[in-house]
Amino acid sequence: ATYAISESYGLTRIPSLKPVMEKAVQAILDGQQPAGGWSYRFSKAARRDTSVSGWMIQALKSAAIAGAENPGIRAALDKAAADLKSAQNPETGRFGYTEPGTGSLGCTGIGVLCLQLLGQGAEKEARQGLQALREAKIEWDSDRENTWPLYEWYYITQAKFHHGGQTWSNWNSEFARIYVKQQNDDGSWPAASKWEASNGPVYSTTLAALTLQVYYRMLPTYKPLAVQAEPRTNDVEVRVE
């Protein structure tokens with residue numbers, strides 16, 4: 001919801017959206033853990049969560065670009081990047097759900113995309129994550145359990161799109177064709193696993209549409225964060241006439 005409000009304000013500049021955005025952003029900032037991550041119910045316990053953190057990072061990045069004036073957004077994003085890196089398994093390049101472990105392709109997509117959004121797409125962790133994502137495939141199987149393929153593909157598609165080049169071309173030629181084929185006659189999308197089906201068609205249709213919209217995204221989240229200039233003192237003005 002915070003992500004949607006932030007992008008709405010960034011696109012429309014409707015004044016009444018700004019205080020709502022900043023109130024929501026403050027809740028996210030207050031919920032951040034000391035190490036930089038987030039968990040369910042904004043718990044400050046040792047457990048951190050890559051999935052929860054991914055949404056918080058997207059929301060904060062969008063709010064920062066849209067003009068939220070909450071103190072500490074930039075520092076929170078810097079801490080969040082460090083937290084994500086701590087969840088990567090250096091041997092596999094994959095990002096873990098709560099800790100490095102073996103990692104998953106879905107969490108790896110989250111880690112890579114968020115580092116890209118934070119201007120760290122060239123960092124070692126992002127590059128290693130992209131290497132790991134070469135294993136990702138689009139396999140629509142409604143009988144699979146304990147998997148969240150549409151959620152995974154949402155992040156993986158964006159990560160590959162941001163990286164561009166052959167990485168994106170190869171993925172695009174596969175995923176777009178399958179997504180178009182899977183769309184129902186009424187415009188909705190079915191779940192891609194039995195586990196996701198419990199969330200209903202709004203969930204699956206939303207994630208499918210957002211994944212296809214990477215072609216057209218012109219929203220604030222995709223823009224780079226502005227570099228904050230250091231304050232100057234004792235400047236001398238020089239004019240050439």
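What you are looking at is a predicted structure, and each value in this text was computed from that prediction instead of being measured.

A few points about the pattern of salt bridges
Move 1: Counted according to the given criterion, the structure contains five salt bridges.
Move 2: Close ionic contact of K18 with E69 constitutes a salt bridge, the shortest N to O distance being 2.3 Å. Of this pair, K18 sits in helix α2 (residues 17-31) while E69 sits in the loop between α3 (50-66) and α4 (73-86); the two residues are 51 residues apart in sequence, bridging distant segments of the chain.
Move 3: Classification of K18 as buried rests on a relative accessible area of 19%.
Move 4: Between R48 and D83 there is a salt bridge, and its shortest N-O distance comes to 2.8 Å. One end of the pair, R48, is in the loop between α2 and α3; the other, D83, is in helix α4, with 35 residues separating them in the sequence. For the pair shown, R48 and D83 are each scored as buried.

Some remarks on the environment of P201
Move 1: By the element assignment, P201 lies in helix α10 (residues 200-212).
Move 2: For P201, a relative accessible area of 54% translates into the label exposed.

Considering α2
Note that an α-helix has 3.6 residues per turn; residues three or four places apart therefore point the same way.
Move 1: Here α2 is 15 residues long and its end C-alpha atoms lie 21 Å apart, about the 21 Å a rise of 1.5 Å per residue gives.
Move 2: Among the residues of α2, K18, M21, A24, V25, I28, L29 and G31 are the ones counted as buried. For α2, the arc enclosing every buried residue in end-on projection is 165°, short of the 170-degree limit, so these residues lie on one face. Exposed and oriented more than 90 degrees from the buried face of α2 are P19 and K23.
Move 3: Along its buried surface, α2 packs onto α1 (2-12), α3 and α4.

Some details on the nonpolar core
Move 1: If you look at the biggest cluster of nonpolar residues, it comprises 57 residues, and the most contacted ones within it are W153 and Y179.
Move 2: Of all the elements, helix α5 (residues 105-117) adds the most residues to this core, at eight residues.
Move 3: Beyond its immediate stretch of four places on either side in the chain, W153 contacts K137, I138, E139, W140, R144, W171, Y179, A192 and T211.

Analysis parameters
Residues numbered from 1 in each chain as written. Predicted model: local features only at pLDDT ≥ 70, side-chain atom pairs only at ≥ 80, totals over all residues. Heavy atoms only, no water. Salt bridge = Lys/Arg side-chain N within 4 Å of Asp/Glu carboxyl O. Helix = DSSP H or I, 4+ residues; strand = E, 2+ residues; numbered from the N terminus. Buried < 20%, exposed > 50% of the residue type's maximum accessible area, 1.4 Å probe, protein only. Expected span 1.5 Å × (residues − 1). Arc of directions from axis to C-beta. Contact = heavy atoms within 4.5 Å. Core = buried A, V, L, I, M, F, W, Y, C linked by side-chain atoms within 4.5 Å.

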